[in-house]
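Fold and contact review
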Amino acid sequence: MAERDTPNYWDYLRLPDLLDLQGGLEGDDSQLQPDELHFIIVHQAFELWFKLMLRELRLARDHLAAPTVPEEHIPHVVHHLGRVNAILRLCAAQFAVMETLTPQEFLAFRNKLAPASGFQSFQMREIEILMGLPEQERVDSGFGDPLAFLRRMARDSATGEKVVARVEKVLKEQTLRDALHNWLYRTPIQGSVPEAPGDEERVFSFVEEYLEQARTGAAEQRSGLVKAGVLDAEQAEARFAEGHQRSRDFLLAKDVDESQRVRTRRIRSALLFIESYRELPLLAWPRVLLDAIVELEEGMVLFRHRHARMVERIIGRRVGTGGSSGVDYLDATTKYRVFTELWAVRTLLLPRSSVPALDNSEDYGFAR
Ligand code: HEM
């Protein structure tokens, strides 16, 4: 650190330390293969962005996890998520820099680093866990669960204990998904809040009304498809009935354990409510928040997809340095969705002209 009081650029940013960290396994960048410095710097730049993403995600989560979230705090959540989203866009674009490495250039030093792999990026695991990716949703990489894998790798590493402790810490934290759900659960639906008498019935009748409107809308679309000769009447009837049943089961939370059903139903209805009446002043920030979360998930999917394309270009379909099937494994991870409810609700949305009449509209105006 600086010994004198006058701040300067390089001491403030610890640049001498930072620029000493690109020596790879040799510890000295003059010993690296010609394209290895490029490989190390690109990875380190990503890991620095991951560090900032973790901080911003935690700040967003902390605001949202408060027992009550005042209206004026929602812009803070959106602000932190907006930064994460900008970083994710940048990271996806950053793979273009990695792609200047040709397959042959990578082969010149690839064996040296095996079995090291991005699969051991503990910060990426922390991001996934903090967002709320359920462990049982992970695709089979062939190495078992990533934390157990990190633990195994950590045994032979001087810094292993620290790495494992970081991941174990985040496993104990509240996820962004849980914080979002707790906040959604408290959303006033048709002016009713969870603790209000008759709330369960109010939510139920909102859902029933919504589904009825959806059925009417679907009937119009169905007869249009039959008239145009795209589907025969029987096919159309079966397809739309199935879609309706799926929507119903989702909104009534038939897929979750009975003990969680009322709560889940309220969370899903709240999403539908915010999305449906998104122009109401009191719902304006909540819907911007939901859009930011959708963008976050989309950003993660695009990041994974972009990484897989870059990998395919550089190593084709061969086994990864970490030992997975490589591109096939990476493509399978693009199916991950943390905020499944937000995506599911998009299937059900109705045009504004068809949504049920709003009760207690005065509750959703500007605060006086
Ligand atoms: C030449 C460049 C690269 C190649 C060939 C490559 C290849 C791979 C492969 C094959 C995997 C699957 C695990 C394995 O079997 O090793 C993987 C995982 C991963 N890589 Fe890369 N990668 C490259 C660059 C990068 C960069 C620049 C990053 C940015 C941090 C990155 C981040 C990751 C992450 C986070 C995973 C874990 C994915 C998951 O398990 O969900 N990779 N990489």
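As shown above, the structure is provided for reference.
This text gives an overview of the structure that appears in the document. Here the structure is a predicted model, which means the values were calculated and not measured. (Residues numbered from 1 in each chain as written. Predicted model: local features only at pLDDT ≥ 70, side-chain atom pairs only at ≥ 80, totals over all residues.)

Secondary structure summary: the chain contains 15 helices and 0 strands in total. For the chain, the proportion of its 368 residues judged to be buried stands at 25%. Restricting the contact set of the chain to residue pairs at least 6 apart, pairs at least 24 apart contribute 71%. (Helix = DSSP H or I, 4+ residues; strand = E, 2+ residues; numbered from the N terminus. Buried ≥ 20, exposed ≤ 12 C-beta atoms within 10 Å, placed from the backbone. Contact = placed C-beta atoms within 7 Å.)

It is at 9 Å that the axes of helix α3 (residues 36–64) and helix α6 (residues 122–131) come closest, and there the two elements cross at 20 degrees. It follows that α3 is roughly parallel to α6 by the angle criterion. Judged by the sense of rotation from one axis to the other, the crossing of α3 with α6 is left-handed. In this structure, α3 contributes Glu47, Phe50, Lys51, Met53, Leu54, Leu57, Arg58 and Arg61 to the contact, and α6 contributes Gln123, Met124, Glu126, Ile127, Leu130 and Met131. Partitioned by chemical class, the residues of the contact of α3 with α6 number 8 nonpolar, 1 polar and 5 charged. (Axes fitted to C-alpha atoms, helices over the stretch in contact; angles between N-to-C directions. Parallel < 35°, antiparallel > 145°, perpendicular 65-115°, else oblique. Left-handed = near helix turned anticlockwise from the far one by under 90°. Nonpolar A, V, L, I, M, F, W, Y, C, P; charged D, E, K, R; others polar.)

Moving on: the site of the ligand. In the vicinity of the ligand lie 24 residues, with Ser117, Gly118, Gly320, Gly322 and Ser324 positioned nearest. Breaking the shell around the ligand down by element, the ones donating at least two residues are α3, α13 (281–315) and α14 (327–333). No other element matches the 4 residues that α13 contributes to the shell around the ligand. When the residues that make up the shell around the ligand are grouped by side-chain class, the tally is 12 nonpolar, 12 polar and no charged. (Near = placed C-beta within 6 Å.)

A few words on the environment of Glu99. With respect to the helices and strands, the residue Glu99 is situated in the loop between α4 (74–98) and α5 (103–113). Other than its neighbours up to four places away in sequence, Glu99 contacts Met310 and Arg313.

Before going further, it helps to examine the environment of Tyr336. Tracing the sequence through the fold places Tyr336 in the loop between α14 and α15 (340–348). In the structure, Tyr336 is positioned 79 residues away from Asp257 in sequence and 22 Å away in space, judged by C-alpha atoms. If we ignore the near neighbours within four places in the chain, the residues touching Tyr336 are Leu133 and Glu137.

Turning to unusual backbone geometry, a few remarks are in order. For residues that are not glycine, phi is negative in most cases, and the peptide bond is trans in most cases. Between Ala114 and Pro115 the backbone carries a cis peptide bond, its omega angle lying at 5 degrees. With a phi angle near 50 degrees, Gln190 is a residue other than glycine that sits in the positive phi range. Within the fold, Gln190 resides in the loop between α9 (176–185) and α10 (199–227). The class for Gln190 is buried, based on 21 C-beta atoms found within 10 Å.

By size, the foremost hydrophobic cluster in this structure holds 48 residues, and its most contacted members are Leu57, Leu271 and Ile293. With 7 residues, the top contributor of residues to this core is α4. Residues contacting Leu57, with those up to four places away along its chain left out, are Val84, Ile127, Leu130, Met131 and Leu176. Residues Ala308, Met310, Tyr329 and Leu330 belong to the second largest nonpolar core, which totals 7 residues. (Core = buried A, V, L, I, M, F, W, Y, C linked by C-beta atoms within 7 Å.)

At a minimum axis distance of 8 Å, the contact between α9 and helix α12 (residues 258–276) shows a crossing angle of 85 degrees. Here α12 runs roughly perpendicular to α9, going by the angle between their axes. Where α9 approaches α12, its residues His181, Leu184 and Tyr185 are matched on the opposing element by Arg263, Arg266, Ile267, Ala270 and Leu271. Among the residues making up the contact of α9 with α12, the classes are represented as 5 nonpolar, 1 polar and 2 charged.

With that out of the way, let us pick up α12. Taking 1.5 Å of rise per residue, the 19 residues of α12 would be expected to cover 27 Å, and the 27 Å separating its terminal C-alpha atoms lies within 8% of that figure. In the structure, α12 departs most strongly from a straight axis at Thr264, where the bend amounts to approximately 25 degrees. (Expected span 1.5 Å × (residues − 1). Bend = angle between axes of the 7 residues up to and from the residue.)

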